[in-house]
Every structure is written in structure tokens, then in C-alpha cells.
Amino acid sequence: MFHQTLAHSQILQSISVHGPHDFELVEFAEYLYDKRIVFLVSCGVAIGLTLAAGAFLPKQYTAKSSIMIGTPGNGPHATAALSPAYLESLKSWESLASSDSLYVRTAGRLRVNSSKASTLKVARLGNSTVIEISATLRNPVQAQALAQNIAEQTVEISRALEAKTAEGLASELKKQLQAAQERLTRAYQALAAFTSTTPLEAPENDMRSGFDFQLHLAQDLSAARTSLAEYEAQKNSPEASAARLAGFEARIAALEGQQRDLSVSLAKKGAQLDAAKSRRSALEDEQRSARSAYEDVRIKLNDALSSPEYNGTRLHIIDPGMVPRDASSPNIRLDVAAAFLASLVGTLAFLVVRFGYVRLQRERSEHLYSLR
């Protein structure tokens, strides 16, 4: 009694010092203290019901198998490994592992009657290349078998798809190689035929001889014109004669005619030689291009045939999983903690509402009493 009296006196002193707002907090704290049994009963009932439900609910066991998605090997796609775009593309393998047809086929073979939505869960771990397959069933052995079989079937399907893709790629590359070989053969044959029917060495020699002769004609013409000029300067001398003058003029005219004819002939031969050289250059360029294309396709085909990883992504089972020993649900500890917290919060909310209601009723009663 002494302690209770002392506590009440301390409360009254606190009320007189701190005012009405603190008075409400203190009053509410006292109210909660008086109703502590409600918390105990509420939490006890919630925990008891949770334990009872956990005892009667069937146990579920979750088994997990893991698949590693191998990044492309040494091919051009290796630079894209682990990039955001590459990681986004891995969702296709998740869809393959969680496909309805695969689950129905595997579940039917293992005699599992549960639906896929409540049994199977397929997810990629973060930004990694690991896919985790989880199977939840009442029978732990069946759960492990289902998860492992789903993983194995996923790997087999992926390998079949990759083999088909690799076969198609190799077939296409072989067709391209054959076309490149035919193009290279045609290029060699065209160049050989042109070289045999259109030799360039003789026309080039002929052009050089023509230019040399043209130079000699120019020299002779220059000498003839010089002689004519000298002779014309000596016209008044007795040695000069009309016949000799006519001879000089005739020689100059003949040299000029030869020079014109030779220029026309050289121009014509030069055009023909340039056309032949241009044609030969085009044939040589085509031969080089055909050889380069052939080598590129041959290298791609060799890579495709010798390196299967080059064609795509390989799936590997890195963890077939183990038969679970502990049930995944119901999780008694987690359920009890959740029930305790929910009952605690619910009871507190109820008492807050109840305290407000009681306080309102009391204030109304006091107001009515004061009116009397």
C-alpha cells in the first residue's frame, strides 16, 4: 500500500508539472498497465492457435536444383558476356525451365498431382548466370526428384536446340563456302582466259617502239625545218635552186604526215591498252575479293565445326539437390513470431480505440454533472 500511495503521488506531481497533454500520456500508460492481461491473453491465444494450426497442417518440403548458364566461349559473343543485354537474354532459359509442357511431362512421369503454380518455382539468382529450380511437395523424395528431373530435362532440351542450331549454321556455312569456291574458280578462270587471249606485253612493247619512233620523227622534222630555214636564207646565192627547195618542203610534209599518222595510231593503241589494263585490274580485284571471301567463310566453318561452344550457350547442372530433411512449411518459428507481432499490434490498436471511447464517455458524464 505504501508503494502504491507513493506511485500515485508521483503521478499527480507529474500531472501538475507537465500539463494536460502529458496527463493523457500518463493516463494512457496506466490504462495499458491495467489492461496488461489483455495483451497476455491475446498473444497467448494467437500463439496457441498458430501452434495448433501448425500441428494439423500438412508439412511441405522444398528441394532445389541449380543450373549454370555457360557464357559463350572464345567466339565473338564472348565480349557480351555478363553485359545487361546478355543477362536479359537469359530469361529465355528461365521460361524453358518453367514451361507448362515440361512440368506436365515430368510430373506425370513421377506421379506428381500438384499444380505447377503451387509446386514449381524457377528463378535466376540476382545478376548471376545460375538458375535455381525449387519444387515444393509433401513428399521430400518426390520434391527432390521433381527438381532434379526438371533441371535435367531443361539441359537436354537446350542441348538439342543448340545441336540443331549448330547443324543449321554448319549447313549454311557449307553452302556459303561452296558459293565462295565457285566464285573464286570463276575469277581464276576469267583472269587466265583474259591473260591468254589479251597479252599486254606485246602491245606495251609496240607502244614503247611507237613513242621512240615518234621521238625520231620529231628530231628529223626539226632538222628538216632547220635545213629549210638555212636554205631559204641562201636563196640569193647561186647554189640555191627551186628543185632543192621543193625537196626540203616535200620532206617536211612527209615527216609531218608520218607524225600525224603515228599520233593517231598511238592514241588508238593507247586507248586499247588502257582498256585492257583496266579490265585486267578489275579481274585481279575480283580474284582477290573472291579469295578473301572464301578464306573468311572457311575460317567460320572450321570454328563452327571444332568449337561447339561457339554456337551458343551451354547449360550445366551444378547442383542436383538433396532430399530435404526439414519442412519448408509450416515454419513454426516464423509463424509464431508473426502471430505474436500481429496480436500485439492488434491489441494495442484495440486498446487505443477503447481508451478514447472510455475517455469520451467520462468527459460527457462530467459535463452533464456540471450542468446539474
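Everything in this summary refers to the structure shown in the same document. This one's a predicted model, so the numbers in the text were calculated from it and none came from an experiment. (Residues numbered from 1 in each chain as written. Predicted model: local features only at pLDDT ≥ 70, side-chain atom pairs only at ≥ 80, totals over all residues. Heavy atoms only, no water.)

## Side note on the side chain of R124
Argument step 1. Relative to the helices and strands, R124 is located in strand β2 (residues 120-124).
Argument step 2. Classification of R124 by relative accessible area gives buried; the value is 16%. (Helix = DSSP H or I, 4+ residues; strand = E, 2+ residues; numbered from the N terminus. Buried < 20%, exposed > 50% of the residue type's maximum accessible area, 1.4 Å probe, protein only.)

## Let's talk about the environment of P324
Argument step 1. Summarising the element assignment, P324 is placed in the loop between β4 (314-319) and α11 (332-371).
Argument step 2. Note on P324: relative accessible area 14%, which makes it buried.
Argument step 3. A C-alpha to C-alpha distance of 7.8 Å links P324 and V141, two positions 183 residues apart in sequence.
Argument step 4. Not counting residues within four places of it along the chain, the set of residues in contact with P324 comprises Y61, T62, A63 and P140. (Contact = heavy atoms within 4.5 Å.)

## Side note on the nonpolar core
Across soluble globular proteins, nonpolar side chains show a tendency to be buried alongside one another.
Argument step 1. Core analysis: the biggest nonpolar cluster contains 24 residues, and I67, W93, I131 and I133 have the highest contact counts within it.
Argument step 2. Counting residues per element, this core draws most heavily on helix α8 (residues 140-197), at six residues.
Argument step 3. Not counting chain neighbours up to four residues away, the residues in contact with I133 comprise A63, K64, S65, I67, A97, L120, K121, V122, A147, I150 and A151. (Core = buried A, V, L, I, M, F, W, Y, C linked by side-chain atoms within 4.5 Å.)

## Section: helix α6 (residues 100-110)
Argument step 1. Along α6, the residues that are buried comprise L102, Y103, T106 and A107. An end-on view of α6 places all buried positions within 115° of arc, on one side of the element. Facing away from the buried side of α6, by more than 90 degrees, are the exposed residues D100 and V104.
Argument step 2. Of the residues one or two after α6, R111 is the one with positive phi, at around 60°. (Arc of directions from axis to C-beta.)

## Some details on the side chain of N149
Argument step 1. Relative to the elements of secondary structure, N149 occurs in helix α8.
Argument step 2. Excluding anything up to four places from it in sequence, N149 contacts T106, R109 and L110.

## Considerations on a nonpolar patch on the surface
Argument step 1. Among the surface-exposed residues, I37, L40, V41, V45 and L49 lie close enough to one another that they form a single nonpolar patch of about 490 Å² accessible area.
Argument step 2. Tracing the sequence through the fold places L49 in helix α3 (residues 36-56).
Argument step 3. With relative accessibility at 57%, the residue L49 sits in the exposed group. (Patch = residues over 30% accessible without salt bridge, like charges linked within 9 Å, V, L, I, M, F, W, Y side chains within 5 Å. Areas by Shrake-Rupley, 256 points an atom, 1.4 Å probe, with all protein chains shown as cover. Salt bridge = Lys/Arg side-chain N within 4 Å of Asp/Glu carboxyl O.)

## Digging into the pattern of salt bridges
Argument step 1. Taken as a whole and judged by the stated rule, the model has seven salt bridges.
Argument step 2. The partner of E94 in a salt bridge is R124, and the shortest N-O contact between them spans 3.3 Å. Within this pair, whereas E94 is found in helix α5 (residues 91-97), its partner R124 is found in strand β2, the two being separated by 30 residues in sequence.
Argument step 3. Close ionic contact of E295 with R298 constitutes a salt bridge, the shortest N to O distance being 2.5 Å. Separated by three residues within a single helix, E295 and R298 lie in helix α10 (residues 242-306), roughly one turn from each other.
Argument step 4. With relative accessibility at 29%, the residue E295 sits in the partly exposed group.

## Some details on the sheet that holds β4
Argument step 1. The strand order across the open sheet formed by four strands is β2-β3-β1-β4, and the pairing between neighbours is antiparallel. Every interior strand has two partners, whereas the edge strands, β2 and β4, have only one. Between one strand and the next, the sheet's axes are offset by a mean angle of 25°, whatever the strand orientation.
Argument step 2. Across five bridges, β2 lies against strand β3 (residues 130-137) in antiparallel orientation. Within β3, the residue paired with R124 across the bridge is I131. (Pairing = 2+ DSSP bridges. Axes fitted to C-alpha atoms, helices over the stretch in contact; angles between N-to-C directions.)

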